[in-house]
Amino acid sequence: MKLTQSEENYLKAIFTLSQEDKGTISTNDLAEKMMTKASSVTDMLKKLGEKNLLEYQKYQGCQLTELGSSCALEIIRKHRLWETFLVDKLNFGWDEVHEIAEQLEHIQSTELTNRLDEFLGFPKVDPHGEPIPGKDGKIEAVTNRIILSEATIGMKAIVMGVEDDQTEFLQYLSKIGLNLGTHIEVLDKLNFDGSILIEMKGKQVQFSNTIAKQISVKPV
């Protein structure tokens, strides 16, 4: 199905919000996500509804149809594969690739996407630790992950991903030397504010509870 870039962006946003909420997506939540007016969102939802990509009821929000979910997953697949290519093959930093991938994800060729996947060795996660959908639209569950804020004192772990891929946050993590695959050990947790002290690469770093909630790790 031929879709405009704007339509694809909406489908991806609705899918992302649905994964966070698991319910119907309100017009206001989508407007905030897309940084636009609620009236503009309503117009787009009607268009997508006419294409059988979602079900929309006024004042009750929207849900993607099976076709809409399939289209959204294909867009996400392309985005995460391009991010992986940019980091692994062109040596971009993980804080630099999101906006470029936002442009590349709208390339329509399915054959190009599949060849890119093969060229990269069929990666399972992108540079931020997010799972990459397969060409069948399925996402393999990433198991044994916990949020750093839930780690216990003395736990040793490997950094597996980040929940927040905003440029400033990724730049901060890169500056202190924390990346995917970094080994850490939890040294202490402060009950009164939830901050956490870790050791990594021979140095100690303290994270606020807010930051610790944005980092996922796998105990080892």
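Our subject is the structure listed above.
Asks: I'd like to hear about the pattern of salt bridges, residue by residue, with values.
Replies: Close approach of charged atoms allows side chains with opposite charge to pair. In the structure shown here, the tally under the stated rule is eight salt bridges. A salt bridge links K51 to E7, with the shortest nitrogen-to-oxygen separation between them at 3.0 Å. With K51 in the loop between α3 (38-50) and β1 (54-57) and E7 in helix α1 (residues 5-21), the pair connects residues that are 44 residues apart, well separated along the chain. Under the relative-accessibility criterion, K51 is labelled partly exposed at 31%. Taking relative accessible area as the criterion, E7 reaches 5% and is therefore assigned buried.

Asks: Which residues make up the nonpolar core, and what values do they have?
Replies: Counting 23 residues, the largest nonpolar core has L148, L173, L178, I184, I198, F207 and I215 as the members making the most contacts within it. Of all elements in the fold, only β4 (156-162), α7 (167-176), β5 (183-189), β6 (196-200), β7 (203-207), α8 (209-212) and β8 (215-219) reach the threshold of two or more residues within this core. The leading source of residues in this core is α7, at four residues. Setting aside residues no more than four positions away along its own chain, L148 makes contact with I184, V186, I196, F207, A212, I215 and V217. Of all hydrophobic cores here, the second largest spans 22 residues; its members include A13, L53, L54 and A72.

Asks: Lay out a negative patch on the surface in plain terms, naming residues and giving numbers.
Replies: On the surface, E20, D21, D29 and E32 cluster together into a patch of negative charge. Elements with a contribution of two residues or more to the negative patch: α1 and α2 (27-34). Within the element layout of this structure, D21 appears in helix α1.

Asks: How would you explain the packing of α1 against helix α4 (residues 66-88) if you had to name every residue and give the values?
Replies: Running from N to C, α1 and α4 cross one another at 95 degrees; their axes reach a closest spacing of 9 Å. Considering their axes alone, α1 and α4 lie roughly perpendicular with respect to each other. Facing E8, L11, K12 and F15 of α1, the residues of α4 in contact are G68, C71, A72, L73, I75, I76 and H79. Each residue belonging to the contact of α1 with α4 can be placed in one class, and the counts come to seven nonpolar, two polar and two charged.

Asks: Describe the layout of surface pockets, with residues and values.
Replies: By rolling a water-sized probe across the atoms, one finds the places where empty space is left. The calculated volume of the largest pocket comes to roughly 1,500 Å³. Forming the walls of the largest pocket are 36 residues, and the residues nearest its centre are T16, E20, K33, R80 and D165. Breaking the lining of the largest pocket down by element, the ones donating at least two residues are α1, α2, α4, α5 (98-104), β3 (146-147) and α7. When residues in the lining of the largest pocket are grouped by element, the largest group, seven residues, is from α1. The class makeup of the residues in the lining of the largest pocket is eleven nonpolar, ten polar and 15 charged.

Asks: Describe the sheet that holds β6, with residues and values.
Replies: The strand order across the open sheet built from six strands is β3-β8-β4-β5-β6-β7, with neighbouring strands paired in antiparallel fashion. Two strands in the sheet have a free side with no partner beyond their single neighbour: β3 and β7. Direction of pairing for β5 relative to β6: antiparallel, over a ladder of five bridges. Residue I184 lies in a different strand from β6, and its bridge partner there is M200. Sitting on the sheet, α7 touches β4, β6, β7 and β8, and the angle it makes with β7 is about 155 degrees.

Rules used throughout
Residues numbered from 1 in each chain as written. Predicted model: local features only at pLDDT ≥ 70, side-chain atom pairs only at ≥ 80, totals over all residues. Heavy atoms only, no water. Salt bridge = Lys/Arg side-chain N within 4 Å of Asp/Glu carboxyl O. Helix = DSSP H or I, 4+ residues; strand = E, 2+ residues; numbered from the N terminus. Buried < 20%, exposed > 50% of the residue type's maximum accessible area, 1.4 Å probe, protein only. Core = buried A, V, L, I, M, F, W, Y, C linked by side-chain atoms within 4.5 Å. Contact = heavy atoms within 4.5 Å. Patch = residues over 30% accessible without salt bridge, like charges linked within 9 Å, V, L, I, M, F, W, Y side chains within 5 Å. Areas by Shrake-Rupley, 256 points an atom, 1.4 Å probe, with all protein chains shown as cover. Lys, Arg positive; Asp, Glu negative; His and termini not counted. Charge placed at Lys NZ, Arg CZ, Asp CG, Glu CD. Axes fitted to C-alpha atoms, helices over the stretch in contact; angles between N-to-C directions. Parallel < 35°, antiparallel > 145°, perpendicular 65-115°, else oblique. Nonpolar A, V, L, I, M, F, W, Y, C, P; charged D, E, K, R; others polar. 1 Å grid on protein atoms, 1.4 Å probe; cavity = no way out; pocket = protein on both sides within 12 Å on 5 of 7 lines; lining within 4 Å. Points joined across faces, edges and corners; volume = space filled by probe spheres on them. Pairing = 2+ DSSP bridges.

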